[in-house]
Amino acid sequence: QYIAFASLFFILISITTFCLETHEAFNKIINKTETTTQNNVTKTEITLEVETEPFLTYVEGMCVIWFTFEFLMRVLFCPDKMEFIKSSLNIIDFVAILPFYLEVGLSGLSSKAAKDVLGFLRVVRFVRILRIFKLTRHFVGLRVLGHTLRASTNEFLLLIIFLALGVLIFATMIYYAERIGAEPGDITGSAHTNFKNIPIGFWWAVVTMTTLGYGDMYPVTWSGMLVGALCALAGVLTIAMPVPVIVNNFGMYYSLAMAKQKLPKKKNKHIPRAPQPGSPNYCKPDMQSPHRSAPGDSCPLAQEEIIEINRAGKIV
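Residues numbered from 1 in each chain as written. Predicted model: local features only at pLDDT ≥ 70, side-chain atom pairs only at ≥ 80, totals over all residues. Heavy atoms only, no water.

An unreviewed UniProt entry annotates the protein as Ion transport domain-containing protein originating from Staurois parvus. Its UniProt record, at the heading Subcellular location (unreviewed entry), says of the protein: "Membrane". (UniProt positions renumbered as here; feature names shortened; annotations may be inferred.)

So, about the UniProt feature "transmembrane region" (unreviewed entry) in the protein. In the UniProt entry, the feature "transmembrane region" (unreviewed entry) is given for residues 55-77, 84-102, 156-177, 198-215 and 227-256. The span residues 198-215 is 67% helix and 0% strand, and its two end C-alpha atoms sit 18 Å from each other. (Helix = DSSP H or I, 4+ residues; strand = E, 2+ residues; numbered from the N terminus.)

What follows deals with the packing of helix H6 (residues 140-151) against helix H10 (residues 243-262). Closest axis-to-axis distance for the H6/H10 pair is 9 Å, and the angle between their directions is 140°. What the angle tells us is that H6 and H10 run oblique. The element H6 and its partner H10 pack so that their crossing is right-handed. Along the contact surface, H6 presents Val 140, Val 144, Leu 145, His 147, Thr 148 and Ala 151, while H10 presents Ile 246, Asn 249, Phe 250, Tyr 253, Tyr 254, Ala 257, Met 258 and Gln 261. In the contact of H6 with H10, the residues fall into 10 nonpolar, four polar and no charged. (Axes fitted to C-alpha atoms, helices over the stretch in contact; angles between N-to-C directions. Parallel < 35°, antiparallel > 145°, perpendicular 65-115°, else oblique. Left-handed = near helix turned anticlockwise from the far one by under 90°. Contact = heavy atoms within 4.5 Å. Nonpolar A, V, L, I, M, F, W, Y, C, P; charged D, E, K, R; others polar.)

Before going further, it helps to examine the nonpolar core. One finds Phe 10, Ile 11, Phe 67 and Ile 97 to be the most contacted residues of the largest nonpolar core, which totals 14 residues. Counting residues per element, the ones that place at least two in this core are helix H1 (2-20), helix H2 (54-76) and helix H4 (88-106). Ranked by residues supplied to this core, first place goes to H2 with five residues. Look past the residues within four positions of Ile 11 in its chain and what remains in contact with it is Phe 67, Arg 131, Ile 132, Lys 134 and Leu 135. Counting residues in each nonpolar core, the second largest holds 13 residues, with Val 167, Met 209, Val 227 and Cys 231 among its members. (Core = buried A, V, L, I, M, F, W, Y, C linked by side-chain atoms within 4.5 Å. Buried < 20%, exposed > 50% of the residue type's maximum accessible area, 1.4 Å probe, protein only.)

Let us now look at the environment of Phe 195. With respect to the helices and strands, Phe 195 occurs in the loop between helix H7 (153-177) and helix H8 (198-209). As a C-alpha pair, Phe 195 and Ala 171 span 24 residues in sequence and 8.9 Å in three-dimensional space. If near-sequence neighbours (up to four positions away) are discounted, Phe 195 is found in contact with Ile 174, Tyr 175, Glu 178, Arg 179, Ser 190, Gly 201, Trp 204, Met 217, Tyr 218 and Pro 219.

Dropping the structure here:
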């Protein structure tokens, strides 16, 4: 539990640092002088570079040290190394850690190749934001969401197919509908509208069918408005059909997760052995006694131990 809280703390610190690095208050523009020699001629060039506050780099370094320690410990003590390598969360851990060490190692180099690699690593740093998915190890709700997404793959695929068909149909319809109101002198028929071609209409159809309605593109003719209304209605119906199945899957996994949390923690319970010959509790019917038990009967002490054994077995 303490390790889980420490991991959560460093994940939040790392993500906060990543976001602050993009703020202008933590970036300053500096003049950097570079001396280059070409054809026995030495030139001095002054370039402008953006430098992040050093303390953010130190904080990120501390977080990376913790993530490296955690990753190495999990690699060392993992019973199945192949399963560890195949895990997507472990791949995210490695990809998020590696760029920091490469960037630190190449920061002192001044060659053009090193600068190109550094520029690429700065772009790849966005992988650090994927560390938020590590929280699935500690939060039940995120694990439930992951199970729901995997169980609802067919529904998501169905939703994408429905949207793709609707986008293709309504983008084509809006393109031709807007040309009905074109001026006679307009050869292309698109001077009065934003729908210059069908691919542009794809964006409008997606925004309309998902009920976002940015308003950056809109029909101006009566025929185009009619197509827009049909597109909006079709989008609502298309999205409404697969969503209940996804919601049911989420409810099922959430109920299972909550029921599992309410179960008592398993403890190693002592299961008593059956009475053995020679033990004080062992007895057998006296074959010579006139009052001996029937063949199906057993002595009281042995019967009590058998009941206890059955009860313990049910608990386990």
